[in-house]
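# Tertiary structure, described
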Amino acid sequence: MASELEKAHALAKESPQHAAEIYASVLHADQSSDVTVADRESALLSLAALFERMQDAAALTNLINSSQNYLVTVSKAKSSKLIRTLVDRFDGIPGGLQPQIATCQGMVEWAKGENREYLRQALETRLVALYLNSHMYTEALELISRLLSELKKLDDKMQLVEVHLLESRVYLAIKNLPKSRAALTSARTGANSIYTPPPLQAQLDLQSGTLHSEEGDFKTAYSYFFETMEGLAAYVNPKSSSASTSETTASSAPSAASSEQRQLQAFAYMILCKIMIQQPDDIAGLLATGKTAAKFRDEQVVVALQTVAKAQKQRSLADFEKALSEYRDELQSDELIRSHLMALYDTLLEQNLVRLIEPYSRVEISHIAKLIGLPIRVVENKMSQMILDKVLHGILDQGNGCLVIFPEPKDDSTYETTIETIKSLGNVVESLYAKASAL
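This is a predicted model, so every value here is computed, not measured.

Moving on, we get to the overall build of the protein chain. Helix and strand counts for the protein chain come out as 23 helices and three strands. In terms of overall dimensions, the protein chain is more spread out than a globule: its C-alpha atoms have a radius of gyration of 30 Å, far above the 22 Å expected for 439 residues. Projected onto its principal axes, the C-alpha coordinates of the protein chain cover approximately 100 × 75 × 45 Å. Within the protein chain, buried positions represent 43% of all 439 residues. Long-range contacts, defined as pairs at least 24 residues apart, comprise 60% of the intrachain contacts of the protein chain with a sequence gap of at least 6. Carbon and sulfur atoms form 52% of the exposed surface of the protein chain, whose accessible area is close to 23,400 Å².

Right, let's get into the sheet that holds strand β1 (residues 362–364). Across the sheet, three strands lie side by side as β1-β3-β2; this open sheet has antiparallel pairing. With one partner strand each, in any of the chains shown, β1 and β2 (394–397) form the two edges of the open sheet. Strand after strand, the sheet turns through a mean of 20° between neighbouring axes, direction not considered. Taken together, the three bridges between β1 and strand β3 (residues 402–405) define a ladder with antiparallel strand orientation. Its bridge partner being in β3, R362 is matched across the sheet by V404. Sitting on the sheet, helix α22 (residues 376–388) is in contact with β2 and β3, with an inclination near 150° to β2.

Checked against the element boundaries, D88 lands in helix α6 (residues 76–88). Each C-alpha atom, one on D88 and one on R126, is 9.2 Å from the other, the two residues being 38 residues apart in sequence. With sequence-adjacent residues up to four places away left out, D88 is seen in contact with Q100 and R126. A distance of 2.8 Å separates polar atoms of two side chains, one belonging to D88 and the other to R126.

Only one face of β2 is covered, namely the one carrying G394 and L396; the face carrying I395 and D397 has none of its residues buried. Here β2 runs beside β3; their pairing, made up of four bridges, is antiparallel. Across the sheet, the residue bridging to I395 is V404, located in β3. The loop that links β2 with its antiparallel partner β3 comprises four residues; one of these, G401, has a positive phi angle of about 65°.

Right, let's get into the pattern of salt bridges. Scanning the model with the defined rule gives 19 salt bridges in all. Two residues, E214 and K175, come together in a salt bridge whose shortest N-O distance is 3.7 Å. Placement of the pair is E214 in helix α12 (residues 198–214) and K175 in the loop between α10 (157–173) and α11 (177–192), with a sequence separation of 39 residues. Of the residues examined, E214 reaches a relative accessible area of 23% and is grouped as partly exposed. By relative accessible area, K175 is classed as partly exposed at 46%.

This next bit is on the packing of α10 against α11. Orientation of α10 relative to α11, taken along the N-to-C sense of each, is 165°, at an axis distance of 8 Å. When the axis of α10 is compared with that of α11, the two are roughly antiparallel. Like other packed secondary-structure pairs, α10 and α11 cross with a definite hand, here left-handed. Counting all contacts with α10, which are made through V161, H164, L165, E167, S168, Y171 and L172, the residues of α11 involved are L177, K179, S180, A183, L184, S186, A187, G190 and A191. Residue composition of the contact of α10 with α11, by class: nine nonpolar, five polar and two charged.

Turning our eyes to something else, we now look at the packing of α6 against helix α8 (residues 117–133). In contact at an axis separation of 10 Å, α6 and α8 are set at 15° when each is read in the N-to-C sense. Comparing the axis directions of α6 and α8 gives the class roughly parallel. The way α6 lies across α8 gives a crossing that is right-handed. Here S80, I83, R84, V87 and D88 of α6 lie close against α8, whose contacting residues are Y118, L119, A122, L123 and R126. Among the residues making up the contact of α6 with α8, the classes are represented as six nonpolar, one polar and three charged.

Aromatic rings considered in pairs are described by the distance between their centres and by the relative angle of their planes. Using the criterion set out here, one finds three aromatic pairs in the structure. Summarising the aromatic geometry, the rings of F225 and Y269 are spaced 5.1 Å apart at their centres and angled 55° between planes, so their arrangement reads as tilted. Taken together, the positions of F225 in helix α13 (residues 218–236) and Y269 in helix α14 (residues 256–276) put the pair 44 residues apart, joining distant regions of the chain. The two residues F225 and Y269 agree in class, both being buried. Geometrically, the ring pair formed by F267 and F296 is tilted, given 6.3 Å between the ring centres and 35° between the ring planes. Of this pair, F267 sits in helix α14 while F296 sits in helix α16 (residues 291–296), and the two are 29 residues apart along the sequence. Using a relative accessible area of 0% as the deciding quantity, one classes F267 as buried.

Rules and cut-offs
- Residues numbered from 1 in each chain as written.
- Predicted model: local features only at pLDDT ≥ 70, side-chain atom pairs only at ≥ 80, totals over all residues.
- Heavy atoms only, no water.
- Helix = DSSP H or I, 4+ residues; strand = E, 2+ residues; numbered from the N terminus.
- Rg over C-alpha atoms; globule rule 2.2 N^0.38 Å.
- Buried < 20%, exposed > 50% of the residue type's maximum accessible area, 1.4 Å probe, protein only.
- Contact = heavy atoms within 4.5 Å.
- Areas by Shrake-Rupley, 256 points an atom, 1.4 Å probe, with all protein chains shown as cover.
- Pairing = 2+ DSSP bridges.
- Axes fitted to C-alpha atoms, helices over the stretch in contact; angles between N-to-C directions.
- Polar contact = N/O pair within 3.5 Å; in protein donor to acceptor, adjacent residues only side chain to side chain.
- Salt bridge = Lys/Arg side-chain N within 4 Å of Asp/Glu carboxyl O.
- Parallel < 35°, antiparallel > 145°, perpendicular 65-115°, else oblique.
- Left-handed = near helix turned anticlockwise from the far one by under 90°.
- Nonpolar A, V, L, I, M, F, W, Y, C, P; charged D, E, K, R; others polar.
- Phe/Tyr/Trp six-rings, centres within 6.5 Å; stacked < 30°, edge-to-face > 60°.

The structure is reproduced here in structure tokens:
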């Protein structure tokens, strides 16, 4: 059967359908044949990889369901590893998220039927991540609650860390920052009591940096993103080949490709932090140092953020909008980058409007729109917001299309002083009444 597998390997690129037939014949061969367990395992994994390259989610789903008879013949540890590997194959298929969720749910039921509790919990942890990616937050939180209850009884600290981390990410996605930080604190407390593999530690650091970014503490966030990138760099490119490889088999350890993707994400967030703390000049130095920076220098998201940094340095709204439009996919696909750049754009627009309006007591909106290079409607809406936020003191005369600026009102402390005086008089009267009552 080794010759059949070699033949299938050779045909995988030129004739994938023929190769798939050979792999399937090896996998489903009769027990009486000379096919070994290793041959079946090789055929199963090769067929899954082939379906991933063919972008065929339905065929991959059928393969996983039809391989259950084979999985019961191998050891529990081996079958658990194979199932997790097969489920992860959906990651490389566009639009494969929903089939992956359905397949994972089916395998959870299969694990329950086979009384494989460890495998069930591992698959349910993976299912939480899939729910998070598909924005099914209610289902994710329900499953997290049940998993945490079970794992605390078993005292499985490694998986507890993973589930608490997922809980933090879910709460962050629904903008519940206090609960997200509480869950992350629980994850870090558990991680401090055990050995944490570098990929999992990097995820903890990345989540910490993301939370600090959401709270506006970009300097602390930068340090966490730096730790994420450096930790993954040491993991992806170890200094010696004799390093232990047991970490890569952990359920939380991503492939080298996903580790590099997370490195790129952390590096992009570092650049974002420099932009948000008004230090665009530091980005050139960041890009010029280290092997990791050199590796990601030409990535589209890095180039896009560099363009935004240049626009910010020149305080040019036109260049900022051009960068957002030209690199829409790179800057809009990441929620953290998108939200902070939108906030930065609003701040930059506000600063430019204040600078342009400052010399006037009455000015046409169309004139300001012409100077700033934006549509009148956009400028008018922003001025309305600034007036409501009390950044501008004035009114919009829409009949004449003008902005009327009032002098900045001075603080009148008469009311506050009067209230304090009345309060003091009240205390005096109460004191005199108490003394009179004592006579």
